[in-house]
Amino acid sequence: MTEKQLQGPNRFVSEGLATSSECQTLVNTAKMFALSGDGYHGYQSPFTVFEKFRGITLSRATALVYFNLLEPQYLRLLLQISDLGKTKIEEFFKIKKPLFFTYTHLVCRSAQQHAPINRTDYSHMIHADNCNLISDTVCEKQPPAYTYRDYSAIIYLNDDFEGGEFVFAGDTNGEKIQSVINPKCGRMVAFSSGPENLHGVRAVKKGSRCAIALWFTFDPKHSETDRDEAWEVLGKMK
Ligand SMILES: O=C(O)CCC(=O)C(=O)O
Ligand SMILES: [Fe+2]
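Since the model is a prediction, treat every value here as computed from it, not as a measurement. (Residues numbered from 1 in each chain as written. Chains lettered and ligands numbered in written order. Predicted model: local features only at pLDDT ≥ 70, side-chain atom pairs only at ≥ 80, totals over all residues. Heavy atoms only, no water.)

### Comments concerning a nonpolar patch on the surface
- A grouping of Y66, F67 and L69 is seen on the molecular surface, where their side chains present a nonpolar patch of about 380 Å² in accessible area.
- Relative to the assigned elements, Y66 resides in helix 3 (residues 58–66).
- Classification of Y66 by relative accessible area gives exposed; the value is 52%. (Patch = residues over 30% accessible without salt bridge, like charges linked within 9 Å, V, L, I, M, F, W, Y side chains within 5 Å. Areas by Shrake-Rupley, 256 points an atom, 1.4 Å probe, with all protein chains shown as cover. Salt bridge = Lys/Arg side-chain N within 4 Å of Asp/Glu carboxyl O. Helix = DSSP H or I, 4+ residues; strand = E, 2+ residues; numbered from the N terminus. Buried < 20%, exposed > 50% of the residue type's maximum accessible area, 1.4 Å probe, protein only.)

Here it is, written out as structure tokens:
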């Protein structure tokens, strides 16, 4: 899908970033090892009470490998698939200067048993990734926003759930939906992280929606040191 089909600038969708067995492997890893709230400062339901968020950060995946609780190949797969995502972004946006990973998160959003089937709230309300969205025209580029994020990407791992569509929107309330992307194994949506790309996730009504969320920066100060450590540990485990 192109910027025109997606109805906005600096965004694209790419397919085939992972095979179905790779997706299955990562979904199983996520379901087995992800902790409630990991990567969300311990909050189990950071955005909606009707879903549980379970995540694995790179640092915890690396620790699990180090202590022989997780097979190194699973961590390697996570790193390799996200590297492929980075390459696609550099190609699409014709990036000539160094781009760094700033955060990698394997995360599943799961509908709670008690969630009403007709809920209309969002799994993740409309937002921008590098500024605090105050109104349709104001997005403040200051903390607590991650102001150093330049590009965002989500690589999807499954589609056996209900709801959970990713949307690009032209307004804060999601009344002006520009395009809708259905998650699917190996599909990646990528975009620049500013207010030109307001986006959100519709309610996950049934099942578990798993994905690799990635953020990138041009600022070397915010480069993801956990990724270097992950490769270092993998190098020692051979
Ligand atoms: O999971 C998705 O499709 C999007 C998640 C997102 O926008 C975020 O975590 O900032
Ligand atoms: Fe986001």
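### Observations concerning the coordination of the iron ion (ligand 2)
- At the metal site, the iron ion (ligand 2) is ligated by H127 (NE2), D129 (OD) and H199 (NE2), and these contacts range over 2.0 to 2.2 Å.
- Taken in chain order, the donor set of the iron ion (ligand 2) reads H-x1-D-x69-H. In this pair, D129 is assigned in the loop between strand 5 (122–127) and strand 6 (132–133) and H199 in strand 13 (residues 199–202), connecting sequence segments 70 residues apart.
- Taking relative accessible area as the criterion, D129 reaches 6% and is therefore assigned buried. (Donors = N, O, S within 2.8 Å, 3.2 Å for Na, K, Ca; no water.)

### Focus: helix 5 (residues 225–237)
- For helix 5, spanning 13 residues, the distance from its first C-alpha to its last is 19 Å, which sits close to the expected 18 Å at 1.5 Å a residue.
- Along helix 5, the residues that are buried comprise R227, A230, V233 and L234. Taken end-on, helix 5 shows its buried residues confined to a sector of 125 degrees, consistent with a single buried face.
- If you follow the buried residues of helix 5, they end up packed against helix 3, helix 4 (72–92), strand 4 (100–111) and strand 15 (208–217). (Expected span 1.5 Å × (residues − 1). Arc of directions from axis to C-beta. Contact = heavy atoms within 4.5 Å.)

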